Amino acid sequence: MKRSTRRRLTQAALYGILLSAIVALAFAADWAAVKENYFDVEVLRELWPEILTVGVRNVIVFTTIAFAGGLVLALVLALMKLSPVAPYRWMATAYIEFFRGLPALLVILAVGFTIPIAFHWTPPGGTVGAGLFALTLVSAAYIAETLRAGIQAVPKGQSEAARSLGMSGPWTTASVVLPQAFRIVIPPLTNEFVLLIKDTSLLFVIGVAMNQRELTTFTRDAASTYGNSTSYTAAAVAYLVITLPLTRLVAWLERRQGRAR
Amino acid sequence: MTEANKAIEVRGLHKHYGANEVLKGIDFHVDVGQVVCVIGPSGSGKSTLLRCVNRLEEPTSGTILVEGIDICDPETDLDAVRTRIGMVFQQFNLFPHLSVLQNLTLAQRRALKRSKSEAVEVARANLEKVGLADREDAYPAHLSGGQQQRVAIARALSMNPDMMLFDEPTSALDPELVGDVLAVMKQLASDGMTMMVVTHEMGFAREVGDKLVFMDDGVIVESGDPREMLTNPQHARTRGFLSKVL
């Protein structure tokens, strides 16, 4: 058999497998039930506009708060991790390994329920505040590692040039190293942001007030209210509307950086 | 020659990287207004010596005096001394996120605490000097290597240093761009700038240098008048090296 013929046959076989899988799925599914359970227009109408004004809005607000807090904490951790003072490095490493090694869900539970008991103090925003604090702690650990890598990716000659001009260490970090490091880490940071968007769905475990529900909690409630899964479909679409542009943006930024190099 | 006339004085300088001894006891000085060129094979320690002079490299032992100030003394304000020592790198090391003008004003503002208008004025004068007055808004990535190196020289000059260190300033340049950079350096030398230049440009050493230093394997093998040394080297190692590069 000729090589080109063999290649064509292999390709035909692959398409054949795909097609038969689709056909099998189409026959196996009860399409009437799928339509009723996942695409009920009546339920969609009931969800609108709260799915946007409560669910999506809170996803964005919570993600932004946890990301901003995480970024600030992460910057401190990253600088500690690169500090010449060994105990600072140890502390940063311990923090990062600790929070990266735990499920975010566990941290949310521990912080959300334990802090008010242990310290007789409720974070601002009540339960959601505590949950967001937990998310901040977790995201800081991940972002810190990204920032550290970004700082180390700035060529050593850059800080040497700044120091040789008589600039102090802190000024060198602030006006020469960090601006370049942030440029390098924008794509991975955007990825962290996308991960955080999805992690806000974990806040459901600590129970939040009606107007504080993010998208997943909102749709879970809706699903049980209407005994119907259409709200999940709506939530999936809503999540993708937020995350897809961001992941596309990352891909574009990475292509552009690749070209600049 | 009195102490006051010495811009740089190095005594008994040793530098180890672990077990690897890069500098094996260097005694060396640069007088005020002198242009000293340092040559030698790669790995001879010449760049390490230069980088010790503003303590980008930490000496293992020995003394380094810059204008009579011991730069290894913990009481010395190293940042203040560094503002008086301009440094030019092989890889230019311009700040890529800043425009040419900002490259020149940053350290003036941060280290010398000059006002913005004063810093800009000084920067423009120095860009004029290196022939790049029209490129102040450009970013380093949009300049040729020769232009980048001239901006780097202007950046160092903007601190009004008393002396300049050059670490193989033309080694990373395409051959046709070397001339522009050397021309700027010659101009500097004729303006009376104290210069220490690690280089492979024998023509520059011969024409501009007041003193030539040949290093090999962590020691100074020979030093003296450049024209004398290049035509009539005293040591076999110097002869061997020169026969390969000339």
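Presented here is a report on the structure given in the accompanying data block. Every chain begins its residue count from 1, and numbering advances along the sequence as written. Note on labels: chains are lettered from A, ligands numbered from 1, in written order. With pLDDT at 70 or above as the cut-off, local features in this predicted model cover only qualifying residues; side-chain atom pairs require 80 or more to be listed or tallied, and sums for whole chains, interfaces and linings still use all residues. Water and hydrogen atoms play no part in the side-chain values, which are based on all heavy atoms of the structure.

### So, the nonpolar core
Where a protein is soluble and globular, its nonpolar side chains tend to be buried together.
Residues and elements named next belong to chain B.
Turning to step 1, where the next piece is worked out: Nonpolar core, defined: a set of buried Ala, Val, Leu, Ile, Met, Phe, Trp, Tyr and Cys residues in which side-chain atoms within 4.5 Å join the residues together. Relative accessibility under 20% of the residue-type maximum defines a buried residue, over 50% an exposed one, and the middle range a partly exposed one, all with a 1.4 Å probe and only protein chains included. In this structure, Ile153, Met164, Phe166, Met185, Leu188, Met195 and Phe204 are the most contacted members of the largest nonpolar core, which totals 46 residues.
Turning to step 2, where the next piece is worked out: Numbering goes from the N terminus for both helices and strands, where a helix is a DSSP run of H or I of at least four residues and a strand is a run of E of at least two. No other element matches helix H6 (residues 175–190), which puts 7 residues into this core.
Turning to step 3, where the next piece is worked out: The contact criterion used throughout is that any non-hydrogen atoms of two residues lie within 4.5 Å. For leucine 188, the contacting residues outside a window of four places in its chain are Ile153, Leu157, Met164, Phe166, Met193 and Met195.
Turning to step 4, where the next piece is worked out: Counting 39 residues, the second-largest nonpolar core is a separate cluster that includes Leu23, Leu78, Val81 and Met196.

### With respect to the sheet that holds strand S7 (residues 163–167) of chain B
Residue and element names in this part refer to chain B.
Turning to step 1, where the next piece is worked out: Reading across the sheet, the 6 strands line up as S6-S7-S8-S3-S9-S10 and stay open at both edges, with mixed pairing between neighbours. Every interior strand has two partners, whereas the edge strands, strand S6 (85–88) and strand S10 (219–224), have only one. Ignoring which end each strand starts from, the neighbouring axes of this sheet average 15° apart.
Turning to step 2, where the next piece is worked out: Two strands pair under a simple rule: DSSP has to find at least two bridges between them. Bridge count for S6 against S7 is 4 bridges, and the pairing is parallel. Bridged to isoleucine 85 within S7 is methionine 163. Angles shown run from 0 to 180 degrees and are taken between the N-to-C directions of axes, each axis being a line fitted to C-alpha atoms and, for helices, limited to the stretch in contact.

### A look at the interface of chain B and chain A
Turning to step 1, where the next piece is worked out: Listed as interface residues are 22 residues of chain B and, on the opposing side, 17 residues of chain A.
Turning to step 2, where the next piece is worked out: The largest contributions to the chain B side of the interface with chain A come from Phe95, His97 and Arg110 of chain B, which together make up 33% of the buried area.
Turning to step 3, where the next piece is worked out: Residue glutamate 160 of chain A pairs with arginine 51 of chain B through a salt bridge whose shortest N-O separation is 2.7 Å.
Turning to step 4, where the next piece is worked out: N or O atoms within 3.5 Å of each other form a polar contact, as long as, within protein, one can give a hydrogen and the other can take it, and as long as residues adjacent in sequence are counted only when both atoms are side-chain atoms. Our count for the chain B to chain A interface comes out at 5 residue pairs in polar contact (both at pLDDT 80 or more).
Turning to step 5, where the next piece is worked out: Listing elements by their share of the side of chain B that touches chain A, those giving two or more residues are helix H2 (78–83), S6, helix H3 (100–110) and helix H5 (145–157) of chain B. By convention, the term buried area covers the 1.4 Å-probe accessible surface removed from two parts as they join, with the contributions of both added. Salt bridges are identified by distance alone: a Lys or Arg side-chain nitrogen within 4 Å of an Asp or Glu carboxyl oxygen.

### Brief notes about the packing of aromatic side chains
Turning to step 1, where the next piece is worked out: Aromatic pairing here means that ring centres of Phe, Tyr or Trp (its six-membered ring) are within 6.5 Å. Orientation follows from the plane angle: under 30 degrees is stacked, over 60 is edge-to-face, and everything else is tilted. In the structure shown here, the tally under the stated rule is 4 aromatic pairs over all chains.
Turning to step 2, where the next piece is worked out: Ring centres of tyrosine 95 of chain A and phenylalanine 99 of chain A lie 4.6 Å apart, and the angle between their planes is 45°; on these two criteria the pair is classed as tilted. Of this pair, tyrosine 95 of chain A and phenylalanine 99 of chain A both sit in helix H5 (residues 86–100), 4 residues apart, roughly one helical turn.
Turning to step 3, where the next piece is worked out: Note on tyrosine 95 of chain A: relative accessible area 18%, which makes it buried.
Turning to step 4, where the next piece is worked out: Ring plane angle 35° and centroid distance 5.2 Å describe the contact between phenylalanine 214 of chain B and phenylalanine 241 of chain B, whose orientation is recorded as tilted. Within this pair, whereas phenylalanine 214 of chain B is found in strand S9 (residues 211–216), its partner phenylalanine 241 of chain B is found in helix H9 (residues 236–245), the two being separated by 27 residues in sequence.
Turning to step 5, where the next piece is worked out: Classification of phenylalanine 214 of chain B by relative accessible area gives buried; the value is 0%.
Turning to step 6, where the next piece is worked out: A network of ring pairs unites the aromatic residues Tyr95, Phe98 and Phe99 of chain A as a single cluster.
Turning to step 7, where the next piece is worked out: The ring of tryptophan 171 of chain A has arginine 110 of chain B sitting right over it, with the charged end atom 4.2 Å from the ring centre. Criterion for a charge above a ring: Lys NZ or Arg CZ within 6 Å of the ring centre, and within 35 degrees of the ring normal.

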